[in-house]
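Inside the fold
Residues per chain, in single letters:
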Amino acid sequence: MKTVDYIALALVIIGAVNWGLIGFFGFDLVRMIFGDMSMLSRIIYAVVGICGLYAISYCGRISNSAN
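Described below are features of the structure shown in this document.

Rules of the game
Residues numbered from 1 in each chain as written. Predicted model: local features only at pLDDT ≥ 70, side-chain atom pairs only at ≥ 80, totals over all residues. Heavy atoms only, no water. Helix = DSSP H or I, 4+ residues; strand = E, 2+ residues; numbered from the N terminus. Rg over C-alpha atoms; globule rule 2.2 N^0.38 Å. Contact = heavy atoms within 4.5 Å. Areas by Shrake-Rupley, 256 points an atom, 1.4 Å probe, with all protein chains shown as cover. Expected span 1.5 Å × (residues − 1). Buried < 20%, exposed > 50% of the residue type's maximum accessible area, 1.4 Å probe, protein only. Phe/Tyr/Trp six-rings, centres within 6.5 Å; stacked < 30°, edge-to-face > 60°.

**Overview of the overall build of the chain**
Within the chain one finds four helices and zero strands. Tracing the chain from N to C terminus, the helices and strands come up as α-α-α-α. Relative to a compact globule of 67 residues, whose C-alpha radius of gyration would be 11 Å, the chain shows 14 Å and is clearly more extended. Structurally, the chain occupies a C-alpha span of about 45 × 25 × 15 Å along its principal axes. Looking at the chain alone, contacts between residues at least 24 apart form 49% of all its contacts between residues at least 6 apart. Summed over its atoms, the accessible surface of the chain is roughly 5,100 Å², and 75% of this surface lies on carbon and sulfur atoms.

As structure tokens, then:
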């Protein structure tokens, strides 16, 4: 399960960097590399979104391991 956690965390970080680029510079790296809402870019956005939702489970696991 730890491998899935690391993969999800890496994708969440990549997504955060992309949103930071959009916010600060108006530059969408995913769109630049994979095209404007191509099927591949939509898949990437969806996978990063799913990983973000999965990362919410870190909160529960962190609080459980602190006790």
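From this point, things continue past the structure.
**Focus: helix H1 (residues 2–25)**
Between the first and last C-alpha of H1 there are 34 Å, a value that for 24 residues agrees with the 34 Å anticipated at 1.5 Å per step. Among all positions of H1, only Asp 5, Ala 8, Gly 15 and Asn 18 are buried. One or two steps after H1, the chain reaches Gly 26, where phi turns positive at roughly 65°.

**Here's the deal with the packing of aromatic side chains**
One pass over the structure, following the stated rule, counts two aromatic pairs. The interplanar angle of 55° and the centroid separation of 6.3 Å between the aromatic rings of Phe 24 and Phe 25 together place this pair among those described as tilted. By relative accessible area, which is 66% here, Phe 25 ends up exposed.

These values are about where atoms sit, not about what they do.
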